[in-house]
2 protein chains.
Amino acid sequence: MDLSSYLSRQRKKIDEALDRCLPSEKKNPSLLHRAMRYAVFSGGKRIRPVLALASCEVVGGKAPEALPAACALELIHSYSLVHDDLPCMDDDDFRREKQSCHKKFGEHTAVLAGDALLTLAFQQLASFDGKKGGAGDLKRRLDASLMVARAAGARGMVGGQAVDMEYQDKEPDLSTIQYIHTHKTGALIAVSARVGACLGGGTRKEVERLYHYGMESGLLFQIVDDILDREGYAKLLGVSEAMREAEALARKAKACLAPFGKKAWMLEALADFILRRKA
Amino acid sequence: MDLSSYLSRQRKKIDEALDRCLPSEKKNPSLLHRAMRYAVFSGGKRIRPVLALASCEVVGGKAPEALPAACALELIHSYSLVHDDLPCMDDDDFRREKQSCHKKFGEHTAVLAGDALLTLAFQQLASFDGKKGGAGDLKRRLDASLMVARAAGARGMVGGQAVDMEYQDKEPDLSTIQYIHTHKTGALIAVSARVGACLGGGTRKEVERLYHYGMESGLLFQIVDDILDREGYAKLLGVSEAMREAEALARKAKACLAPFGKKAWMLEALADFILRRKA
């Protein structure tokens, strides 16, 4: 299988699971539910949940074991975009060529939709799929919830956004850019691989390897963003230096996968895909 | 022991645990951390965490087993107040005679502090206290996280706030007021008792009994609020009819406690305390 058919197969599973877990637009409060669904089904690349499912498979787990957590990661990513677009934050009227959530549904509904998406993420992480898990399974699921909460909170994603806002009107230096990148986007991407490996039953060493793969990939993702937008790294270091940095990160990410051999082909291809993406 | 010394003993434990779990103001991003702490340490009555600890004890559990969950409930309550006070929501400049979080720290920091508090709540629910739990203990903790997520999300607290916002400029009828009360405040109060009983190792029947106690107490709490503010129930039904309703709820709440006998004295006293409070 090539990466693009792997991606579309996984994305289909993820979108179906997201559709099942999101509250129906027909149920009250319907405006809130519509805003939640609008935020989630707006053309995202589903990189975080794909990473979780792939990492689960690489350590020998079955994708359905990581599917609720994969949904949780996308719900958290979606909520963060809704809140980041708010007038008091980045004040963006558009996101992926569509109206941003608060433009479409009003500001208070957007705040609440974000809150509800974040809460639903942890509902997914704690949810049962019917099968009776042993202590090991239960422990992995509590661990997964803990890892995601840490990565998404004040010392992770939210902290990154807070520092990004601090530097809205001033030029950050390289170490600040690095802090913002590793926290605002890197932390959630990295934990996606980590959680997938954890729920797939990986050994501690395997989980940590995939976590490192996720960290390199997350920073890679953001540097490529900077190159495409001529921002951050690319502005400070120049495009060609930033590109060299990106290539080095892709190599480091792939090096983490060596012990998994051919099983990890999709994660290898994913690192190249992130490096070469044009949008 | 009387209720007031019970309450101050429990509040001390809760405040110490909250202080331990909140990120230090000395660490970056310090403004975010200061806003989080400001929101949590602003004179709250700690009713939700006290309910959780008391319910844990009533079923024979030890309070420390429910302490992280008790903190989580207060963190969720605190975040909801921060977001509810925002200009795009209730637009309140003051809360408990102090500046509201966004007035003190700015709007984007308030949004992010709320997000971080909600995330930290689920970190607490998934956290380990060092002791190695068996499958039963792990299952109860996953259950607790699931219960709280459901009560706090789109079909619970956030849903109640969404409907409340819908009726900002129109008069809700009695069934809408009831929906708002049972969701916006009732759901989190009810789940506090439920989660405490669950983590204390209560039987399914005991957990459900205390959950019902929590539901009656939550609605009671809100009707008394309405009576004190001459809003909602009190406006629609008149103060004396609302008071009769409140007294009936307090009786129903206490009836749920009958099988626990004298052990449940503090929950009984708490229902009376909620009924008679003047602020």
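Residues numbered from 1 in each chain as written. Chains lettered and ligands numbered in written order. Predicted model: local features only at pLDDT ≥ 70, side-chain atom pairs only at ≥ 80, totals over all residues.

A. Quick peek at the overall build of chain A. Looking only at helices and strands, one finds 13 helices and 2 strands in chain A. In terms of C-alpha radius of gyration, chain A reaches 18 Å, essentially the compact-globule figure of 19 Å for 279 residues. With respect to the principal axes defined by its C-alpha atoms, chain A has extents near 50 × 50 × 35 Å. A buried classification covers 58% of the 279 residues belonging to chain A. The long-range share in chain A, meaning contacts at least 24 apart out of those at least 6 apart in sequence, stands at 68%. (Helix = DSSP H or I, 4+ residues; strand = E, 2+ residues; numbered from the N terminus. Rg over C-alpha atoms; globule rule 2.2 N^0.38 Å. Buried ≥ 20, exposed ≤ 12 C-beta atoms within 10 Å, placed from the backbone. Contact = placed C-beta atoms within 7 Å.)

B. Quick look at the relation of the copies chain A and chain B. Take chain A, turn it by 180°, move it 0.0 Å along the axis, and it overlays chain B with an RMSD of 0.0 Å. The relationship between the two copies is best expressed as a two-fold rotation axis. Considering only C-alpha atoms, the part of chain A nearest the rotation axis is Ala135 of chain A, at 2.2 Å. The overlap is high: 100% of the interface residues of chain A also sit at the interface in chain B, so the same surface is used on both sides. (Least-squares fit on C-alpha atoms with pLDDT ≥ 70 in both.)

C. Helix 1 (residues 3–21) of chain B, seen in detail. Residue and element names in this part refer to chain B. Helix length check: helix 1 (19 residues) gives 27 Å between terminal C-alpha atoms against 27 Å at 1.5 Å per residue, within 8%. When helix 1 is considered as a whole, its buried residues turn out to be Leu7, Gln10, Ile14 and Leu18. Seen along its axis, helix 1 keeps its buried residues to an arc of 80°; they face one direction. In this structure, helix 1 carries Ser5, Ser8, Lys12, Glu16 and Arg20 as exposed residues pointing more than 90 degrees from its buried face. (Expected span 1.5 Å × (residues − 1). Arc of directions from axis to C-beta.)

D. Structural detail: the packing of helix 1 of chain B against helix 3 (residues 47–58) of chain B. All names here are of chain B. Two elements in contact, helix 1 and helix 3, have axes separated by 10 Å at closest approach and are oriented at 105°. With respect to their mutual orientation, helix 1 and helix 3 come out roughly perpendicular. Across the interface between the two elements, Leu7, Gln10, Arg11 and Ile14 from helix 1 touch Pro49, Val50 and Leu53 from helix 3. Taken together, the residues of the contact of helix 1 with helix 3 sort by class into 5 nonpolar, 1 polar and 1 charged. (Axes fitted to C-alpha atoms, helices over the stretch in contact; angles between N-to-C directions. Parallel < 35°, antiparallel > 145°, perpendicular 65-115°, else oblique. Nonpolar A, V, L, I, M, F, W, Y, C, P; charged D, E, K, R; others polar.)

E. Representation of helix 8 (residues 157–166) of chain B in the model. Taking burial as the measure, the 10 residues of helix 8 of chain B include 8 buried ones, the bulk of the element. Every buried residue of helix 8 of chain B is listed here: Met157, Val158, Gly159, Gly160, Gln161, Ala162, Asp164 and Met165 of chain B. Where helix 8 of chain B is buried, its residues meet helix 2 (30–40) and helix 6 (107–125) of chain A together with helix 4 (63–85), helix 7 (135–152) and helix 9 (174–199) of chain B.

F. Molecular detail of the nonpolar core. By size, the foremost hydrophobic cluster in this structure holds 204 residues, and its most contacted members are Ala113 and Leu220 of chain A together with Ala113 and Leu220 of chain B. When neighbours within four sequence positions are excluded, Ala113 of chain A is seen to be in contact with Leu32, Ala35, Met36, Ala39, Val82 and Cys101 of chain A. (Core = buried A, V, L, I, M, F, W, Y, C linked by C-beta atoms within 7 Å.)

G. Seen up close, the environment of Leu236 of chain A. All names here are of chain A. With respect to the helices, strands and loops of the structure, Leu236 is situated in helix 11 (residues 232–237). The class of Leu236 is partly exposed, set by 15 C-beta atoms lying within 10 Å. Beyond its immediate chain neighbours, meaning those up to four positions away, Leu236 contacts Leu174 and Ile177.

H. Up close: the interface of chain A and chain B. Opposite the 44 residues of chain A that make contact, chain B presents 44 residues. Contributions of two or more residues to the side of chain A that touches chain B are made by helix 2, helix 6, helix 7 (135–152) and helix 8 (157–166) of chain A. Examining the composition of the side of chain A that touches chain B, we find that 12 residues originate from one element, helix 6 of chain A, more than from any other. A breakdown of the residues in the side of chain A that touches chain B according to their chemical character gives 26 nonpolar, 12 polar and 6 charged.

I. Quick look at unusual backbone geometry. At the junction of Asn28 of chain A and Pro29 of chain A, the peptide bond is cis and its omega measures out at -10° in the coordinates. Assignment of secondary structure puts Pro29 of chain A in the loop between helix 1 (3–21) and helix 2. One non-glycine residue, Arg46 of chain B, adopts positive backbone phi at about 60°. Inspection of the secondary structure puts Arg46 of chain B in the loop between helix 2 (30–40) and helix 3. The backbone of Asp91 of chain B shows a phi angle near 50°, a positive value even though the residue is not glycine. Within the element layout of this structure, Asp91 of chain B appears in the loop between helix 4 and strand 1 (94–95). Given 12 C-beta atoms within 10 Å, Asp91 of chain B falls into the exposed group.

J. Representation of the environment of Pro49 of chain B within the structure. Residues and elements named next belong to chain B. Among the secondary structure elements, Pro49 is positioned in helix 3. A count of 29 C-beta atoms within 10 Å places Pro49 in the buried class. Note: C-alpha distance between Pro49 and Ala69 (20 residues apart in sequence) is 7.8 Å. Excluding its chain neighbours within four sequence positions, the residues that come into contact with Pro49 are Ile14, Ala70, Cys71, Leu73 and Glu74.

K. Geometry of the confidence of the model for chain A. Per-residue pLDDT for chain A averages 95, and the proportion of residues at 70 or more is 99%. For this predicted complex, the interface confidence score (ipTM) comes to 0.97, while the overall pTM stands at 0.98. (pLDDT = per-residue confidence, 0-100.)

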